[in-house]
Amino acid sequence: MKIKALLAAGALLATQSFAIVGIGAHYAPGLGTKMNAMDAPAPVADNVSLQHQGFDGLMQGFGFKLWVDLLPIIDIEATLNIQFGSYDASLFVTNPADGSVAEVPLEIELGGTPFGKANPKFVAMTGDLSITYPITFLPIIRPYIGGGLSYHLNSFVLNQKFVSSIIDGTTQEMIQVLAQVDPTDPASVQAAQEKTQQLGEVMKEKVQKAALDEGLNTSIGGHILVGLRAKLPIIPIAAYTNFKYYIGGDYPSEIDAGNMTLELGIGLAI
């Protein structure tokens, strides 16, 4: 009788520990993703070049999750993760009169992302729909494995091709004026210095506008995952952790995707 009572109590405890629906928020770093830096400034027009740095190791991120438990066979999760890595980028404008170079650090705002104007960022947003198989005989904790589909959205990288594409008639006219400077004329040299700074600022504004108008790249892939969810009886709060490995998805050529994400979160479970 005691054994039956213990089994019944354990079953009741396990039943009370898990909910049908949950919603949560989590920390979601991207693991192993790298962005390759440019070795040297690359020309984008006469007297104008661009260089960007890179990042590696860990993309910061956050996300949100909705899960539905369909005991005793499968559970379903829907997840949105937003991850980002910052990098430095600058325009370099050469004054042909004296060979001096003016550096113009770039700040941009990316359309379609939750970030304002700041140092350039590579942003990856991923929506996952997962089917998981839970291990249900344990009270309080629930390990599971699974997989599903992933919808990827990611931003462009501020590179030579992108900046070259924004050169227009106004910019070309300023470049031509700068090229006609007489290096033997002090007044002309002084004017060239002013034109150099002016050209840098005009280019910066054009880069900022083009970046805001640039859309996000989209692709579809898949993922596999292992995870663990924990919830005390009665209390409608659950903690969870997931490790995901992604298969497929398109990225800019400068990005070496690590394809791994860790989710550490807490949510309301009812």
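Further up the page is the structure itself.
Residues numbered from 1 in each chain as written. Predicted model: local features only at pLDDT ≥ 70, side-chain atom pairs only at ≥ 80, totals over all residues. Heavy atoms only, no water.

A. Structural view of the nonpolar core. Counting 41 residues, the largest nonpolar core has Val48, Leu158 and Val163 as the members making the most contacts within it. If you list the elements that add at least two residues to this core, you get β4 (42-45), β5 (48-52), β8 (89-94), β10 (121-134), α2 (160-164), α3 (169-179) and α4 (186-213). Beyond its immediate chain neighbours, meaning those up to four positions away, valine 163 contacts Val44, Leu50, Leu91, Leu158, Met203 and Val207. (Core = buried A, V, L, I, M, F, W, Y, C linked by side-chain atoms within 4.5 Å. Buried < 20%, exposed > 50% of the residue type's maximum accessible area, 1.4 Å probe, protein only. Helix = DSSP H or I, 4+ residues; strand = E, 2+ residues; numbered from the N terminus. Contact = heavy atoms within 4.5 Å.)

B. Representation of the environment of leucine 91 within the structure. For leucine 91, the position within the fold is in strand β8. The sequence separation of leucine 91 and leucine 106 amounts to 15 residues, and the corresponding C-alpha distance is 7.2 Å.

C. Region of the structure containing the packing of α3 against α4. As a packed pair, α3 and α4 sit with axes 10 Å apart at the nearest point and diverge in direction by 160°. The pairing of α3 with α4 is recorded here as roughly antiparallel in orientation. Crossing angle aside, the handedness with which α3 passes α4 is left-handed. Side by side, α3 and α4 meet where Thr171, Met174, Ile175, Val177 and Leu178 of the first sit next to Ala192, Lys195, Thr196, Gln198, Leu199, Val202, Met203 and Lys206 of the second. (Axes fitted to C-alpha atoms, helices over the stretch in contact; angles between N-to-C directions. Parallel < 35°, antiparallel > 145°, perpendicular 65-115°, else oblique. Left-handed = near helix turned anticlockwise from the far one by under 90°.)

D. Representation of the side chain of serine 90. By the secondary structure assignment, serine 90 is in strand β8. What serine 90 contacts, discounting residues up to four positions off in sequence, is Ser49, Leu50, Gln51, Glu103, Val104, Pro105 and Leu106.

E. The pattern of salt bridges, seen in detail. Under the definition given, this model contains 11 salt bridges. A salt bridge links lysine 65 to glutamate 77; the shortest N-O distance between them is 3.2 Å. Within this pair, whereas lysine 65 is found in strand β6 (residues 58-70), its partner glutamate 77 is found in strand β7 (residues 74-86), the two being separated by 12 residues in sequence. Neither residue differs from the other here; lysine 65 and glutamate 77 are each classed as buried. What you see here is one network of salt bridges that share partners, running through Lys65, Asp69, Asp75, Glu77, Asp128, Arg142, Arg229, Lys244 and Glu263. (Salt bridge = Lys/Arg side-chain N within 4 Å of Asp/Glu carboxyl O.)

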